[in-house]
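Coordinate analysis (summary)
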Amino acid sequence: MKVCQIETPALILDLDVMERNMAVMKAFTDSVGIRLRPHYKSHKCTSIAHMQMAAGAKGLCCAKTSEAADLVRAGIEDLLIANQVTEPAKIAQVASLAKCCRLTVCVDSAQNVRDLEAAAAVQDSLICCLVEFDIGMGRCGVATREEVLALADQISACPHLHFEGIQAYAGHLAHQTDLELRRQASGEIEQALWKLRRFLEERGYEVKEISGVSTGTAMLRSENSVYTEIQAGSYLFMDTAYNALNLAFSNSLFVLATVIRLGGGLLVTDAGLKSVSVDQRPPVFREYPDLPIRFSEEHSTLVADRFSHAVGDRLCMVPSHCCTTVNLHDFFYFVRGDRVVDRVPVTSRGKSL
Ligand SMILES: Cc1ncc(COP(=O)(O)O)c(C=O)c1O
C-alpha cells in the first residue's frame with residue numbers, strides 16, 4: 001500500500017529517518033562511553049523498544065508502572081521506571097515485575113523505601129533503587145546530599161533493595177534554545193553531580209549509575225561526563241519544539257491528514273486536536289511551514305490566498321510534541337519512501353497508571 005492510500009488521520013513513522021536518528025545517537029554515546037537507556041514514553045511501542053535494543057540500548061526506561069508491565073511482557077529485561085512508585089497496588093506490581101527482569105525505580109522518601117522493601121519481601125524479589133536528586137527542575141527528588149546519603153543508608157540496610165546510584169534529570173534545560181546557556185547550565189549540573197558522587201564514595205558507596213539527560217542535552221555530554229546513562233526519548237522522532245534547538249536528529253514522525261475543504265481562502269483537513277497535541281508550541285504542516293494552523297477537535301485550518309493542493313490530497317503535519325501526539329493514536333504506520341511496510345500498535349497508548 002502507498003502512503004497516500006492510508007486512511008486519515010494517521011500517525012506516520014519514516015523508518016529510514018528513525019533508523020538514522022538511532023545511528024546518530026549510538027555513534028555519539030559510543031564516542032563518549034555513555035550507555036543509552038531510551039525513554040519509552042516517546043513511542044509507547046514495544047516493537048520500537050526492541051528496535052532500540054537491537055541498535056545497542058542497554059535497556060529501556062519508562063514513566064509508568066503500566067508501561068513497565070507492557071515492556072516486561074514484551075521481554076525487555078533491564079528496565080528503569082524513571083519515577084517514584086508510591087501507590088500500594090503499584091508497589092506490589094513493581095515487586096512482582098522485579099521477579100521477571102532487572103527492575104530499577106527512583107526513590108526520594110524514607111516511607112517509599114520502607115514500602116518497596118515490604119512488597120519485595122513478600123515476593124522475595126530484588127528492586128534496584130536510584131535516589132532522585134533534584135538538580136534544578138523542581139519536580140521530584142531530594143535537595144541535599146545529606147538526604148541522598150540517608151536514603152542510600154536506608155536502602156543498603158534493606159535485604160530486598162539495592163542502592164544503584166542517582167537519578168538526576170534536568171528537564172528544565174531540555175528545551176533551552178540558547179546553546180550557550182544550555183551548555184553552561186549542563187556543565188554546572190555535571191560539577192554538582194561529581195561533588196555528590198565523591199561525597200557518597202568517600203562514605204563507602206559505589207555509585208554505579210547516574211541516570212538522566214534529555215534529547216536536548218544529550219550531545220553536551222563528553223568522555224568526562226558524570227552520567228553513565230542517557231534517558232533521551234524524543235531523539236527518535238523529533239518535533240517542532242526540539243527542531244528549534246538545531247540538533248543532529250531529523251523529523252521521522254508525522255500526522256497524515258486529508259484536505260477535506262478548499263475555498264474562500266481556507267484549506268481544511270481532517271486532523272484536529274484529537275490527532276495532534278498542542279501542549280508545546282504549535283505543530284506545522286510540512287507543505288506550509290510558515291502558515292499558522294487553526295485547530296478544532298476534528299479539523300485543522302490554514303488561511304491563505306492560494307493553496308497548491310486539492311480536496312483529497314494528503315498533507316503531513318509535523319507534531320510540536322512527539323510524545324503526547326503518539327499517545328493519541330492506536331497505530332503507527334511504518335513507511336519507507338512512499339510505501340507502507342507495517343502497521344504497528346502503540347502498545348501502551350493511554351496507559352498512565
Ligand atoms: C525522567 C525523564 N527522563 C528523560 C526525559 C527525556 O525525554 P526527551 O528526550 O524526550 O526530552 C524525560 C522527559 O520528559 C523525563 O521525564
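On a predicted model such as this, the values are computed, not experimentally measured, just so you know.

Concerning the overall build of the protein chain
Regarding its fold elements, the protein chain presents 9 helices and 17 strands. Computed over C-alpha atoms, the radius of gyration of the protein chain comes to 22 Å, within 12% of the 20 Å expected from 2.2 N^0.38 for 353 residues, which places it in the range of a compact globule. In terms of overall dimensions, the protein chain has C-alpha extents of about 70 × 45 × 30 Å along its principal axes. The proportion of buried residues among the 353 residues of the protein chain is 45%.

Observations regarding the pairing of strand β11 (residues 266-269)
Note: strand β10 (residues 253-263) against β11, 4 bridges, orientation antiparallel. In the sheet register, L262 faces β11, and the bridge partner there is L267. Connecting β10 to the next strand, β11, in antiparallel fashion are 2 residues, including G264 with a positive phi near 60°.

Observations regarding the sheet that holds strand β8 (residues 209-212)
Read from one edge of the open sheet, 8 strands run β2-β9-β8-β7-β6-β5-β4-β3, paired in parallel fashion. Where the open sheet ends on each side, the last strands, each with one partner, are β2 (35-36) and β3 (60-62). For strand β6 (residues 127-132) and strand β7 (residues 161-167), the ladder comprises 6 bridges, and the chain directions are parallel. In the sheet register, I127 faces β7, and the bridge partner there is L161.

What to know about the domain arrangement of the protein chain
The domain architecture assigned to the protein chain consists of domain 1 (3-10 + 248-345) and domain 2 (39-232). On a C-alpha basis, the centroid separation for the pair domain 1 and domain 2 is 35 Å. Considering each element in turn, the side of domain 1 that touches domain 2 owes the most residues, 3 residues, to helix α9 (residues 322-326). In the side of domain 1 that touches domain 2, the residues fall into 6 nonpolar, 1 polar and no charged.

Thoughts on unusual backbone geometry
With an omega dihedral of 0°, the bond running from T8 to P9 counts as a cis peptide bond. The topology assignment puts P9 in the segment before β1 (10-14). Even without being glycine, K44 reaches a positive phi, approximately 50°. The topology assignment puts K44 in the loop between β2 and α2 (46-54). Residues other than glycine seldom take positive phi values, yet N246 does so here, at roughly 50°. Position of N246 relative to the elements: it lies in the loop between α8 (240-243) and β10.

A word on helix α5 (residues 110-123)
Helix length check: α5, at 14 residues, gives a terminal C-alpha distance of 20 Å against a target of 20 Å (1.5 Å per residue), a fit within 8%. Within the sequence span of α5, burial applies to V113, L116, E117, A119 and A120. Close packing links the buried residues of α5 with α4 (88-97), β5 (102-107), β6, α6 (145-156) and β7. Phi turns positive, to about 50°, at D124, one or two residues after α5.

A few points about the packing of helix α3 (residues 65-73) against α4
In contact at an axis separation of 10 Å, α3 and α4 are set at 20° when each is read in the N-to-C sense. Classified by the interaxial angle, the pair formed by α3 and α4 is roughly parallel. When the axes of α3 and α4 are compared, the crossing they make is left-handed. In this structure, α3 uses T65, A68, A69 and V72 to contact α4, whose residues at the interface are K90, Q93, V94 and L97. Here the residues of the contact of α3 with α4 are counted per class, giving 5 nonpolar, 2 polar and 1 charged.

Things to note about α2
By the burial criterion, the buried members of α2 are T46, I48, A49 and Q52. The arc that holds every buried residue of α2, seen down its axis, measures 155°, which confines them to one face. In this fold, the buried residues of α2 make contact with α1 (15-32), β3 and α3. Taken from the residues just after α2, G56 is the one with a positive phi, measuring 110°.

A few points about the nonpolar core
Membership of the largest hydrophobic core comes to 103 residues, with the highest contact counts inside it found for V105, I127 and C129. Two domains each provide a minimum of three residues to this core, namely domain 1 (3-10 + 248-345) and domain 2 (39-232).

A few points about the pairing of β8
Here β8 shows no split at all, with E209 and S211 on one side and I210 and G212 on the other all buried. Bridge count between β7 and β8: 3 bridges; the pairing is parallel. When the bridges of β8 are listed, G165 appears paired with E209. Strand direction decides the pairing type here: β8 and strand β9 (residues 229-230), joined by 2 bridges, are parallel. Pairing of G212 across the sheet is with I230, part of β9.

Definitions and limits used
Counting starts from 1 at the beginning of each chain's written sequence and moves along it residue by residue. The model is predicted, so local features are restricted to residues of pLDDT at least 70 and side-chain atom pairs to those at 80 or more, both for listing and for counting; the totals for chains, interfaces and linings are taken over all residues. Here a helix means four or more residues in a row that DSSP labels H or I, a strand means two or more in a row labelled E, and each is numbered from the N terminus. C-alpha atoms define the radius of gyration, and 2.2 Å times the number of residues to the power 0.38 defines the globule rule. Neighbour density around each residue's C-beta defines its exposure: 20 or more other C-beta atoms within 10 Å make it buried, 12 or fewer make it exposed, and counts between make it partly exposed, where C-beta atoms are placed from the backbone. Pairs of strands are assigned from DSSP output, requiring at least two bridges between the strands. As used throughout, domain bounds are those supplied by an automatic or database domain assignment. Asp, Glu, Lys and Arg are counted as charged, while Ala, Val, Leu, Ile, Met, Phe, Trp, Tyr, Cys and Pro are counted as nonpolar; the rest, among them Gly, fall into the polar class. An expected span of 1.5 Å times one less than the residue number is assigned to each helix. What counts as a contact is two residues whose backbone-derived C-beta atoms lie within 7 Å of each other. Fitted lines through C-alpha atoms give the axes, limited to the stretch in contact for helices. The angle between two N-to-C directions lies from 0 to 180 degrees. For classification purposes, angles smaller than 35 degrees are called roughly parallel, those larger than 145 roughly antiparallel, those between 65 and 115 roughly perpendicular, and all remaining angles oblique. By convention, the crossing between two helices is left-handed when the near helix turns anticlockwise from the far helix through less than a right angle, and right-handed when the turn is clockwise. The arc in question is traced by the directions running from the helix axis to the C-beta atoms. Linking buried Ala, Val, Leu, Ile, Met, Phe, Trp, Tyr and Cys residues through C-beta atoms within 7 Å yields a set, and such a set is a nonpolar core.

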